[in-house]
Amino acid sequence: MRRIIVTLIAALAALVVTSSALADHDLGKRDRLRFEGAGAHSWNMRGGDSPHDQNARALRVRVGDPSLGEYVAAYSRASLNIASDAEAVMNLSLEYRTDRHLGAGAPRISVEFQNGDVAYLSAFYCNHPLAVTGGVWGRADFTRFHNGCAFYVLGETSNGGLPYEADGARSAWEVYTDAHPDQIVERTYFVADETGGYRIDRLSLGAGVMYQARFGRGKSCPTEASC
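Residues numbered from 1 in each chain as written. Predicted model: local features only at pLDDT ≥ 70, side-chain atom pairs only at ≥ 80, totals over all residues. Heavy atoms only, no water.

## Describing the overall build of the chain
Turning to step 1, where the next piece is worked out: When helices and strands are counted, the chain shows two helices and 17 strands.
Turning to step 2, where the next piece is worked out: Taking 17 Å as the expected radius of gyration for a compact globule of 227 residues, we find that the chain reaches 18 Å, a close match to that expectation.
Turning to step 3, where the next piece is worked out: Seen through its principal axes, the chain has C-alpha atoms that stretch 70 × 45 × 35 Å.
Turning to step 4, where the next piece is worked out: Split into buried and exposed, the 227 residues of the chain put 45% on the buried side.
Turning to step 5, where the next piece is worked out: Across the chain, every contact between residues at least 6 apart in sequence was considered, and the portion connecting residues at least 24 apart equals 67%.
Turning to step 6, where the next piece is worked out: Taking the average place of the 23 positive charges on the side chains of the chain and the average place of its 26 negative ones, the gap between the two points comes to 12 Å. (Helix = DSSP H or I, 4+ residues; strand = E, 2+ residues; numbered from the N terminus. Rg over C-alpha atoms; globule rule 2.2 N^0.38 Å. Buried < 20%, exposed > 50% of the residue type's maximum accessible area, 1.4 Å probe, protein only. Contact = heavy atoms within 4.5 Å. Lys, Arg positive; Asp, Glu negative; His and termini not counted. Charge placed at Lys NZ, Arg CZ, Asp CG, Glu CD.)

This is how it looks when you write it as structure tokens:
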């Protein structure tokens, strides 16, 4: 009987550790979300929140004239130092209000590869409205959605100017990495560089953390399904 109790206690302890890892937690310096650009940005409760998290906060972004530096880019030290096989990168995704700015170029996640190519993961080409919000909020998940999702690449793997598209069995990211298995992701970052207002939530840059309430807190993403 004692062995059964000890085993049960160990299992419960492991469950607590796992649950803690999956909940929002304070982040170290490597994972904190950082910003550049002269555009305005703040996490706040004004303007609504994604229904997929349990807080009431989202990232408000305001971009003026990008040519004057009034853009917003966001990244972590981890996302600027991924240096991993592209096929191993997970959780390139974000949620956003569709009645705010949703343009062909922004909001997006930019991915830089070791060979100098850049992938532009624009939410516009992967927009899946969230029915529970009446389509007011949308989600773009480039590493998970198997339909209705695409992105463009500039450089040697540009695909002749055509997008890499999810094909029903694979995500757009899988289609790309299957075609270019030697690609290495060097860094990723969020970009808003088209004039307008944005509201962003549940941002994941493929570096193991999803941001959904504050710059210094996030949710760990050990699997594709976890974020």
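## Here we look at the environment of Thr195
Turning to step 1, where the next piece is worked out: Relative to the elements of secondary structure, Thr195 occurs in the loop between β14 (184–192) and β15 (196–205).
Turning to step 2, where the next piece is worked out: When the C-alpha positions of Thr195 and Glu70 are compared, they lie 8.6 Å apart, and in sequence the two are 125 residues distant.
Turning to step 3, where the next piece is worked out: The contact partners of Thr195, leaving out residues within four places of it in the chain, are Val63, Gly64, Asp65, Pro66 and His101.
Turning to step 4, where the next piece is worked out: A distance of 2.6 Å separates a polar side-chain atom of Thr195 from the backbone oxygen of Gly64. (Polar contact = N/O pair within 3.5 Å; in protein donor to acceptor, adjacent residues only side chain to side chain.)

## So, the pattern of salt bridges
Turning to step 1, where the next piece is worked out: By the definition in use, this model includes ten salt bridges.
Turning to step 2, where the next piece is worked out: With a closest N to O distance of 2.9 Å, Arg108 and Asp193 form a salt bridge. Here the residue Arg108 occupies a position in strand β8 (residues 108–113), and Asp193 occupies one in the loop between β14 and β15, the gap between them amounting to 85 residues.
Turning to step 3, where the next piece is worked out: Judged by relative accessible area, Arg108 falls into the buried class, the value being 11%.
Turning to step 4, where the next piece is worked out: Accessibility expressed as a relative area gives 27% for Asp193, which makes it partly exposed.
Turning to step 5, where the next piece is worked out: Across the salt bridge formed by Asp167 and Arg170, the nearest N and O atoms sit 2.7 Å from each other.
Turning to step 6, where the next piece is worked out: Looking at Arg170, the relative accessible area reads 29%, which means it is partly exposed.
Turning to step 7, where the next piece is worked out: Several salt bridges converge on common partners, so that one network encompasses Glu95, Arg139, Asp141 and Arg202. (Salt bridge = Lys/Arg side-chain N within 4 Å of Asp/Glu carboxyl O.)

## Quick look at the pairing of strand β11 (residues 137–141)
A regular strand carries its side chains on alternate faces of the sheet.
Turning to step 1, where the next piece is worked out: Of all five residues that make up β11, five are buried, and the element is covered over most of its length.
Turning to step 2, where the next piece is worked out: Judged by which residues are buried, β11 turns out to be covered on both faces: Trp137, Arg139 and Asp141 on one side and Gly138 and Ala140 on the other are all buried.
Turning to step 3, where the next piece is worked out: In the sheet, strand β7 (residues 92–97) pairs with β11 via five bridges, with the strands oriented antiparallel. In the strand pairing of β11, Tyr96 is matched with Gly138.
Turning to step 4, where the next piece is worked out: Examined bridge by bridge, strand β10 (residues 128–129) and β11 share two bridges and lie antiparallel to one another. Pairing of His128 across the sheet is with Arg139, part of β11. (Pairing = 2+ DSSP bridges.)

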